[in-house]
Amino acid sequence: MIEKLFGLKNSGTNIKTEVLAGITTFLTMIYIVIVNPAILSAAGIPFEQVFMATIIAAVVGTLTMGLIAKYPVAVAPGMGLNAYFTTVVASQGLTYQAVLGTVFLAGLIIIILSLTNLRKALIEAIPAPLKYGITAGIGLFIAFLGLKMAGIVQPSEATLITLGDFTEPATALAIGGLILTLILMAKRVTGALFFGMIATAVGGYFLELLKFDGYFSVPPLPTFINLGEAVSGVFSNSLYTVVFAFVLVTIFDSTGTLVGVSEQGGFMKNGKLPRTKQATLSDSFATTIGAAFGTSPSCAYIESSSGVAAGGRTGLTAVVVAVLFLVSMIFSPFISAISMLPAITAPILIIVGCFMMEGLAKIMWNRFDEAFPAFAIILIMPLTSSIATGIAVGFILYPIMKAVTGKWKEVHPLIYIFAVIFLVQMIYFPMH
């Protein structure tokens, strides 16, 4: 039945590989269950409410992706968008309910756009150099994130970034975990990423870096917000630009991740992604339902690339992730302890970053009008810690470069339209 539902053999995979891939993805992104409530509680939303809303949004979005779109991509409330949410509440003196109203409306708009051919056309309109640039940019972004989490690099006033202190126990553990995982990868051990994380966690436990204050807890009851009041708050406060910002960034964050992971997993066929509508509905459903329970917009997660690197090729990987999110409701003390030790997942992010560099070989570097926009994406994503900003810069530069070299007809009209939208957004509505 599972074979028939997901077509495992046709995808060159099996149940064991898919389950290990799902566990790998889950472990690299489980931090969101703790971090998202921590960030949004600063906006006044109760921690327990966001905790449950985060899990509900992740389960809805990831199950939709796994069962309907059948891709090994996980969906959950997005980092960056949650910080922006809190900033809007704090800077404009708004209630969090009104800002949740903007998220709910943004989710409905994204559903409509996903049901039309716009998002599908957008994915297909993105030029090949930008697709490869997006994939590589995401790879550098998550590798850099892994380096920071591990303490291998740290901030510096003189040079912005410098080497960290390798004598720090957590940093030494992360380096040890990285080296062990690299050895397992080089030896072609099945499930190398997963077993690398397990070994690092065991090491952390014996070094007393991983401490458990318990393993189980009764999950809090989900809280449904007053949607009528929340939506009316959007109109009474004229929060239209906030809705626009959420729509734009959610669409491009998710689209960029979807393209990047799909290129990595070989799901793109002649530049097109099969079952695009189903895949793009996943984040819009998660965003809308998540807002109703109390969380910021959801998007496809770049950490899904760790599961793809571990061999995940079908929706079964995503279903495993969704089930683990559901189970996590009762394991919050255990999950909190794991997520508080970044050394466990940081090595995986660094290694996956390497996997995502493959597409760089396909960029025609001798054609400057195609090479530079891709290079700009790769450069901007990790330096701004924003996938959406990197995509925006690429979308703006690509048509400009083509137009000045007399090749403007090679650019799809949608790219011109979004170039203008991104330019306006970056000047007047920047998201930091």
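About the thresholds
Within any chain, residue numbers begin from 1 and follow the written order of that chain's sequence. Note on the predicted model: pLDDT of at least 70 is required for a residue's local features to be given, and 80 or more for side-chain atom pairs to be given and counted; whole-chain, interface and lining totals, by contrast, use all residues. By convention in this description, side-chain values take in all heavy atoms of the structure and omit both hydrogens and water. Comment: axis = line fitted to C-alpha atoms, over the contacting stretch for helices; angle = value between 0 and 180 degrees taken between N-to-C directions. We count a stretch as a helix when DSSP gives it H or I for four or more residues in a row; a strand needs E for two or more, and each element gets its number in order from the N terminus. Roughly parallel means an angle under 35 degrees; roughly antiparallel means over 145; roughly perpendicular covers 65 to 115; every other angle is labelled oblique. It is the rotation of the near helix from the far one that decides the hand of a crossing: anticlockwise by less than a right angle makes it left-handed, clockwise makes it right-handed. Residues count as neighbours in contact if any of their non-hydrogen atoms are within 4.5 Å of one another. All residues other than Ala, Val, Leu, Ile, Met, Phe, Trp, Tyr, Cys, Pro, Asp, Glu, Lys and Arg, Gly among them, are scored as polar; the first ten of these are nonpolar and the last four charged. Expected span of a helix: the number of residues minus one, times 1.5 Å. For every residue, the accessible area obtained with a 1.4 Å probe (protein chains only) is divided by the maximum for its type, and the residue is called buried under 20%, exposed over 50%, and partly exposed between those limits. N or O atoms within 3.5 Å of each other form a polar contact, as long as, within protein, one can give a hydrogen and the other can take it, and as long as residues adjacent in sequence are counted only when both atoms are side-chain atoms. Every definition here rests on a 1 Å grid over the protein atoms only: cavities are sets of points where a 1.4 Å probe fits but cannot get out, pockets are open sets enclosed by protein on both sides within 12 Å along at least five of seven lines, and lining residues have some atom within 4 Å of a point. Grid points are joined across faces, edges and corners, and a volume is the space filled by probe spheres set on the points. At least two DSSP bridges between two strands are needed for those strands to be called paired. Exposure above 30% relative accessible area and the absence of a salt bridge qualify a residue for a patch, where like charges join within 9 Å and nonpolar side chains (Val, Leu, Ile, Met, Phe, Trp, Tyr) within 5 Å. Areas reported here follow the Shrake-Rupley algorithm with a probe of radius 1.4 Å; residue values treat only the protein chains shown as occluding. Just to be clear on terms, a salt bridge is a Lys or Arg side-chain nitrogen sitting within 4 Å of an Asp or Glu carboxyl oxygen. Two aromatic rings, drawn from Phe, Tyr or Trp (for Trp, its six-membered ring), form a pair once their centres lie within 6.5 Å of each other, and the interplanar angle then sorts them: stacked below 30 degrees, edge-to-face above 60, tilted otherwise.

(A) The arrangement of the packing of helix α2 (residues 15–29) against helix α10 (residues 192–206) in detail. Where α2 meets α10, the closest approach of the two axes is 9 Å, and the angle between their N-to-C directions is 50 degrees. The angle between α2 and α10 places the two elements in the oblique class. Read as a crossing pair, α2 and α10 show a hand that is left-handed. Residue-level contacts link Leu20, Ile23, Thr24, Leu27 and Thr28 of α2 to Leu193, Phe194 and Met197 of α10. Here the residues of the contact of α2 with α10 sort into 6 nonpolar, 2 polar and no charged.

(B) The arrangement of α2 in detail. The terminal C-alpha atoms of α2 lie 21 Å apart, and with 15 residues this matches the ideal 21 Å at 1.5 Å per residue to within 8%. Inspection of α2 places Thr17, Glu18, Leu20, Ala21, Gly22, Thr24, Thr25, Phe26, Thr28 and Met29 among the buried residues, and these make up the whole buried set. Of the surrounding secondary structure, the elements contacted by the buried residues of α2 are α3 (31–40), β1 (75–77), α10, α14 (304–309), α15 (315–327) and α17 (346–355). For α2, the N-terminal capping position is held by Asn14, with its side-chain oxygen 3.2 Å away from the main-chain nitrogen of Lys16.

(C) Focus on the environment of Ile45. Along the chain, Ile45 turns up in the loop between α3 and α4 (47–69). By relative accessible area, Ile45 is classed as buried at 1%. Measuring from C-alpha to C-alpha, the distance between Ile45 and Thr86 comes to 9.7 Å, with 41 residues separating the pair along the chain. Every residue in contact with Ile45, bar those within four places of it in the chain, is listed here: Leu40, Val50, Phe85, Tyr96, Leu100 and Gly294.

(D) Summary view of the layout of surface pockets. Of the volumes computed, that of the largest pocket is approximately 1,100 Å³. As for the largest pocket, its lining consists of 49 residues, of which Met79, Gly80, Phe141, Ser385 and Ser386 are closest to the centre. Residue classes in the lining of the largest pocket are distributed as 33 nonpolar, 13 polar and 3 charged. Computed from the structure, the second largest pocket encloses a volume of approximately 240 Å³. Taken together, 13 residues form the lining of the second largest pocket, with Ser11, Tyr71, Phe267, Arg275 and Arg313 sitting closest to its centre. Class assignment for the residues of the lining of the second largest pocket results in 4 nonpolar, 5 polar and 4 charged.

(E) Quick peek at the pairing of strand β2 (residues 153–156). In this sheet, strand β3 (residues 160–163) lies alongside β2 in antiparallel orientation, the contact comprising 4 bridges. Within β3, the residue paired with Pro155 across the bridge is Ile161. Turn length for the β2-β3 hairpin, with the two strands adjacent in sequence and antiparallel, is 3 residues.

(F) Looking closely at the environment of Ile30. Mapped onto the elements, Ile30 comes out in the loop between α2 and α3. Here Ile30 falls in the buried class, since its relative accessible area comes to 3%. In this structure, the C-alpha to C-alpha distance between Ile30 and Leu324, residues 294 residues apart in sequence, is 9.4 Å. Those residues in contact with Ile30 that sit more than four places away from it in its chain are Phe325, Ser328 and Ile335.

(G) Highlighting a nonpolar patch on the surface. A contiguous nonpolar patch, built from Tyr215, Phe216, Val323, Val327, Ile330 and Phe334 and spanning about 530 Å² of accessible area, is present on the exposed surface. By the secondary structure assignment, Ile330 is in the loop between α15 and α16 (332–339).

(H) Fine view of the packing of aromatic side chains. Counted under the stated rule, the structure contains 13 aromatic pairs. Ring plane angle 80 degrees and centroid distance 5.9 Å describe the contact between Tyr205 and Phe206, whose orientation is recorded as edge-to-face. A relative accessible area of 45% means that Tyr205 is categorised as partly exposed. Looking at Phe206, the relative accessible area reads 66%, which means it is exposed. On the basis of an interplanar angle of 50 degrees and a centroid distance of 5.7 Å, the ring pair of Phe372 and Phe375 is categorised as tilted. Pair noted here: Phe372 and Phe375 are both in helix α18 (residues 368–384), with a separation of 3 residues, about one helical turn. Here Phe372 falls in the partly exposed class, since its relative accessible area comes to 30%. Feature note: the residues Tyr205, Phe206, Phe212 and Tyr215 constitute an aromatic cluster, connected by ring pairs.

Taken by themselves, the reported measurements are silent on function.
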